Structure formats: C-alpha cells, structure tokens
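Coordinate analysis (summary)
These are the residues of each chain, in order.
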Amino acid sequence: MSELHKFLFEGLPVRGMLVRLTDSWVEILRRRSTASDAFPPAVRALLGEMSAAAVLMQSNIKFEGSLVMQIFGDGPVKLAVAEVQSDLAFRVTAKVVGEVAPDARLAAMVNAGGKGRCAITLDPKPRGPGQQPYQGVVALHGDGGEPLQKLADVLEHYMLQSEQLDTRLILAANDEVAAGLLIQRLPIEGEGNLAGRRNEDEIGLNEAYNRISHLASTLTADELLTLDAETVLRRLFWEETVRRFPPMTGELGPHFACTCSRERVGAMLKGLGREEVDGVVAEQGRVEVGCDFCGIKYHFDAVDVGELFTLPRDQPPGSTTLN
C-alpha cells in the first residue's frame, strides 16, 4: 500500500518525509498499458519521480488546493505533468513526440536545446475573491548554465529560490515503486525572526542540516526502491533522535485518483458545437475521447450526441451506459 511518513529530528531545525507509491503507481501504469498507450521506460521513470516529488511537496506546504508540477521543453518529451490534491490524490501524464532512449536522462528528454523549464503551480480550491493561482518557474540548468540531469536537482534549486530553505531530495522509480525522501531545514521562527535573522541567512551554513543532508545523500536508488521506510530511516539516521508520526496510508495517504468523468467530456463536446461533433460522428461513426491521465476512453455515438445537444426537458429517459 502507498504510504507517506513524516518525521522530525529532536532538538534540530530539520524535518523529513519519505513516500513510497506502490499500488497507486502500478495502477497508473496498468491503465496506460490497458489503453495501449504505455510510455517509454525512461518517461515512466521520470513520471514516477515527479509523482513522488509532487506528493512530498504538497504534504510539505499543507496547501488547500492542487499542486501541479510541469516539466516542459524542446526534447522528445514536450510536457510531463504531475498533479496532487490536498487529500494526496495524484495523477500524471506526459506528451511524447519522438523516440526516447531507454536510458535517457532529463536533459535528453526535455532540455535538448536548453529551453527546458520546470513550473510549480499552486491552485487554491475553493478560490477566494480575486485569488489567483501562484506559479514559480525555474530553468533546467544550474547556476553555471550546466544542464541538470536529475529531477531532484531541479527541485532542490526551485525550493532554494522559492522558500530560501536548504532541501535535499532523493528520488527513484521503476515499474513497481515510485519513492522519494525529502530532508529540509526548518524556517526560522519566534526569537530568531525577532532577532532579525532570515531564512536565507542560514543557507548552506546550518551544521545540523548539513550533517543530516549528507547522510540522506548516501541513500541509493536501489535502497529507496526496495527497503521499507523503517529500514531506510534506521540505516540512515541511527545516531539521530528521530520523532516519527503515524504513517499516512489508504484514503488518508497518497492514492491515485482522476477527476475525469463522462459529464466533463460531454461539457467539452458541447463547447465544440453541434456541427463539429456531428461531423466527427459522420466520419468515424462515433466520438472517442481518451483521458490523458488515466487512459479511460469515453464514447459518444449519434444517439449520445443527440441527447447531449437536446434540452433536458426534451430528452427521453437516458441510458445507463458508462462510457
């Protein structure tokens, strides 16, 4: 079962989280495979890392709304998206337009010409009067202009810029597990702020964070994917006093969920107009719309389209067809 673990280091300004997406991640890949729309291996690995990272970031900020992580650029992977709701329901997708080598890294997939970007959007739900989504964007290269090859490096850079907080991310994914470990220096609060200290004043200088971050960086991808949370934390931080909170699992933890529905697809078709939809039915016999996130396909034949564009008071009793 997919799970999220939160923990603190007693007496130190450092917090951490570890996520393991298992059944939920396998379900996403199964749906894509069933729809005969499976992603290449390297893209699946990227989407798995994005899923784990987005869950960690959503949990870290406790945001009421959706967190949307987008990686886009000028490589064969034009766009990769991970979306996580405040209840930790997540979904992912990608748009791939060229060949992707099985061992392709981030730069080759998304940043071939140096135009790749990572955008993090926080969309509040429900929105208050005048409230708009917030978006932060970073390039897929380091301060020296070198292309970054790992998603974790990109997101560490983003966190440093957006929150002025040191962050260490370890991410890994295969076709069975998508996992991530986040270690972060806590923001300065209380007397520290009153004394005029700022979060950015501590960047790279906090000895406790630096020590724990170094320990976290020794975790290998294989260990992250194969070991349970208890074993990972014990091996890494056996000399530290770690206070752990109850794991978040099931509906309270990270889980796959898609917000698509036949009603939403119908509304989209109505937005296209009767003439255009009828033209597709005349040419193909029906309209087929597939969800990019979960792979489910919705079908509308001539009768369905007629009902769609008929006022409710003029409609006969509807059918029970789901899709």
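For the structure given in this document, a descriptive report is provided here. Bear in mind that the values here come from a model prediction, so they are computed numbers and not experimental data.

1. Comments concerning the side chain of E83
Here E83 lies in strand β4 (residues 77-84). Under the relative-accessibility criterion, E83 is labelled buried at 11%. Side-chain polar atoms of E83 contact the side chain of Q85, separated by 2.9 Å.

2. Quick look at the nonpolar core
Ranked by internal contacts, the top residues of the largest apolar core, which has 59 residues, are L47, M50, I71, M109 and L155. Of the residues forming this core, the biggest block, eleven residues, is contributed by helix α2 (residues 41-61). With residues up to four places along the chain from it excluded, the contact list for M109 reads A42, V43, L46, G75, P76, V77, V100 and A104. Counting residues in hydrophobic clusters, the runner-up holds 22 residues, among them L18, A179, L181 and L236.

3. Section: unusual backbone geometry
The phi dihedral of L88 falls on the positive side, at around 70 degrees, and the residue is not glycine. Assignment of secondary structure puts L88 in the loop between β4 and β5 (89-96). Take L88: its relative accessible area is 4%, and that puts it in the buried class.

4. Considerations on the packing of aromatic side chains
Scanning the model with the defined rule gives three aromatic pairs in all. Each ring, one from F7 and one from F9, has its centre 5.8 Å from the other, and the planes form 80 degrees; the classification is edge-to-face. Relative accessible area serves as the criterion here: at 1%, F7 is assigned to the buried category. With a relative accessible area of 2%, F9 lands in the buried category. Judged by centre distance (5.0 Å) and plane angle (85 degrees), the rings of F9 and F237 are edge-to-face. Note that F9 is positioned in strand β1 (residues 3-9) and F237 in the loop between α8 (229-236) and β10 (242-244), a separation of 228 residues in sequence. In this pair, the class of F9 matches that of F237, namely buried.

About the criteria used
- Residues numbered from 1 in each chain as written.
- Predicted model: local features only at pLDDT ≥ 70, side-chain atom pairs only at ≥ 80, totals over all residues.
- Heavy atoms only, no water.
- Helix = DSSP H or I, 4+ residues; strand = E, 2+ residues; numbered from the N terminus.
- Buried < 20%, exposed > 50% of the residue type's maximum accessible area, 1.4 Å probe, protein only.
- Polar contact = N/O pair within 3.5 Å; in protein donor to acceptor, adjacent residues only side chain to side chain.
- Core = buried A, V, L, I, M, F, W, Y, C linked by side-chain atoms within 4.5 Å.
- Contact = heavy atoms within 4.5 Å.
- Phe/Tyr/Trp six-rings, centres within 6.5 Å; stacked < 30°, edge-to-face > 60°.

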